[in-house]
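Here's the letter readout for the chains.
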Amino acid sequence: MSGLDGVIAADTALSDVDGEAGRLIIRGRSLDELIAHCHYEQVLTLLWATLFPECDGASRLDEALGHARAAVFEHVGAADAHVLALPPVDAVRLLLGRLEDENDLQTALRLVAAPAVLTPAVIRLARGLRPIPPDPTAAHAADMLRMLHGHTPDPAQAAALDRYLVSASDHGLNASTFTARVIASTRAGLTAALVGALCALKGPLHGGAPGPVLDMLDAIGVPGAAKPWLEAALARGERLMGFGHRIYRVRDPRADAIQGTLQMLANAGGLQPARLQLAEAVEHAALEVLSRHKPDRPLQTNLEFYTALLLEALGFPREAFTCVFAAGRAGGWVAHAREQVLRGRLIRPLSRYVGPPSSPAADRLAV
Ligand code: ACO
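Overview of the structure.

Calculation notes
- Residues numbered from 1 in each chain as written.
- Predicted model: local features only at pLDDT ≥ 70, side-chain atom pairs only at ≥ 80, totals over all residues.
- Heavy atoms only, no water.
- Helix = DSSP H or I, 4+ residues; strand = E, 2+ residues; numbered from the N terminus.
- Rg over C-alpha atoms; globule rule 2.2 N^0.38 Å.
- Buried < 20%, exposed > 50% of the residue type's maximum accessible area, 1.4 Å probe, protein only.
- Contact = heavy atoms within 4.5 Å.
- Near = heavy atom within 4 Å.
- Polar contact = N/O pair within 3.5 Å; in protein donor to acceptor, adjacent residues only side chain to side chain.
- Areas by Shrake-Rupley, 256 points an atom, 1.4 Å probe, with all protein chains shown as cover.
- 1 Å grid on protein atoms, 1.4 Å probe; cavity = no way out; pocket = protein on both sides within 12 Å on 5 of 7 lines; lining within 4 Å.
- Sits in = over half its atoms within 2 Å of the grid points.
- Nonpolar A, V, L, I, M, F, W, Y, C, P; charged D, E, K, R; others polar.
- Pairing = 2+ DSSP bridges.
- Points joined across faces, edges and corners; volume = space filled by probe spheres on them.
- Expected span 1.5 Å × (residues − 1).

Observations regarding the overall build of the protein chain
Looking only at helices and strands, the protein chain has 17 helices and 3 strands in total. Its C-alpha radius of gyration of 21 Å places the protein chain within 12% of the 21 Å reference for a compact globule of 367 residues. Counting only C-alpha atoms and orienting by the principal axes, one finds that the protein chain spans roughly 75 × 55 × 45 Å. When the 367 residues of the protein chain are sorted by exposure, 51% land in the buried category. Residue pairs at least 24 apart in sequence account for 77% of intrachain contacts in the protein chain once pairs closer than 6 positions are excluded.

Let's talk about helix 9 (residues 175–185)
For helix 9, the complete set of buried residues consists of S176, T177, A180, R181, A184 and S185. Packing partners of the buried residues in helix 9 comprise helix 10 (190–201) and helix 16 (321–343). Looking one or two places after helix 9, you find R187, whose phi comes out positive at around 75°.

Considering the site of the ligand
In the vicinity of the ligand lie 20 residues, with R239, L240, F243, K294 and R297 positioned nearest. Measuring from an oxygen atom of the ligand, one finds a backbone N or O atom of G242 at 2.8 Å. Interatomic distance of 2.8 Å between a backbone N/O atom of F243 and a nitrogen atom of the ligand. Burial of the ligand by the surrounding chains reaches 76%, relative to a free accessible area of 920 Å². Because more than half of its atoms lie within 2 Å of the grid, the ligand is assigned to the largest pocket. Residues that form the shell around the ligand fall into these classes: 10 nonpolar, 5 polar and 5 charged.

Observations concerning the sheet that holds strand 2 (residues 23–26)
Spatial strand order, 1-2-3: 3 strands in an open sheet with antiparallel pairing. Only two strands of the sheet have a single neighbouring strand rather than two, namely strand 1 (15–18) and strand 3 (29–30). Pairing geometry for strand 1 and strand 2, over 4 bridges, is antiparallel. Opposite D16, over in strand 2, you have I25 as the bridge partner.

Focus on empty space enclosed by the protein
Counted by the stated rule, this structure contains 1 cavity of 30 Å³ or more. Volume-wise, the largest cavity comes out at about 40 Å³. What lines the largest cavity is V92, L96, L111, P115, L194, L198, A326, A330 and W333. At the level of secondary structure, the elements contributing two or more residues to the lining of the largest cavity comprise helix 5 (88–96), helix 6 (105–126), helix 10 and helix 16. Counting residues per element, the lining of the largest cavity draws most heavily on helix 16, at 3 residues. Classifying every residue of the lining of the largest cavity gives 9 nonpolar, no polar and no charged.

Regarding the layout of surface pockets
Of the pockets and cavities examined, the largest pocket occupies roughly 1700 Å³. Around the largest pocket sit 50 residues that line it, and N174, A175, H245, R246 and I247 are the ones nearest its centre. Where the lining of the largest pocket is concerned, the elements lending two or more residues are strand 1, helix 9, helix 14 (273–293), helix 15 (303–313) and helix 16. Looking at the lining of the largest pocket residue by residue, the class counts come to 23 nonpolar, 14 polar and 13 charged.

Let's talk about helix 6
Given 3.6 residues per turn, any residue in an α-helix points the same way as the ones three and four places further on. The end-to-end C-alpha distance of helix 6 is 31 Å, a good match for the 32 Å that 22 residues give at a rise of 1.5 Å each. Burial analysis of helix 6 places 18 of its 22 residues in the buried class, the great majority of the element. Looking at the residues trailing helix 6, positive phi occurs at G128, about 80°.

Take a look at the structure:
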């Protein structure tokens, strides 16, 4: 039972991960369809329908999300030297924790806006640059890039980030979403649930993986060095970042989505083709060495492998990649927290006691 492998811990109408077929369904629509036809704001509307009364008419949330970005920007002033000395994910967590801990739509929108606004702001402040205020009328992904770089992004780059945010928006009961649901089940507010979720996300076995993926690509350097480098890493007992998944036994469909997005970016001149070729060669070699390393356990490419290359191409520093993941997943965290409050019960499982039995001698010692 270790790791709750195979345990169903919640009913959800939000997303379904089919690990055998390699399919992700969000509110009845496949990831491929969503990526092709929906912006992040539309996926948010889809996820939040029936969970907030104001969302039931399925009106678009674009404008409200723009205002939420502007409201969150007021917290950037709290990013003092202590906050900026932290890794970006911890700086964003501290600033996110300043938001009011309520359960309404306004709080939900601010929580989704927060990583999108705070991430560029802490990156710029740590570099000694002025933070750029949001443009409430801009599209969410485009505005995030504008706040990072200080100019309107190239449409291909904005589209690429939008596709990434959609790909990351929701994914069943992963560790961070489960954390959000546990916190929400106690009737703590949405902010508490999202702070906890972000803490669960940052570990390298979950949303902390893409930074180390880039370190790995840099260390390998050229396609020909991939196989010996990867074999040596496995021989040292290391895990290859960007590979393996608890649910998928085949390739993660989000890896296909992001690889396709990278190809689009390369075609538009926004990515060095050699960088993509290196990643593809490393992927090929990794799948080969992993299949020999663990013949009984299919270890395939997950979302994080190509995410690393995409976020690098969009100009995010690797230490902030987890914050960009949070900017996408925040929509799903809010939806799950709301679903838990509206339709779930307090989550309170049992543990099996494996410590020493009680004895009169031990009881005497305790006194
Ligand atoms: N490289 C090398 N070996 C691996 C890898 C990997 N990437 N993944 C799993 N294994 C091995 C483990 O060492 C373990 O071997 P053992 O039985 O000899 O101890 C075996 O495969 C099973 O591993 P578990 O940790 O039990 O499998 P689980 O399904 O819980 O792991 C996880 C999933 C944590 C994602 C794992 O594959 C991993 O650590 N991958 C690398 C980190 C990563 O890419 N994280 C991002 C995940 S995607 C996301 O969160 C959005």
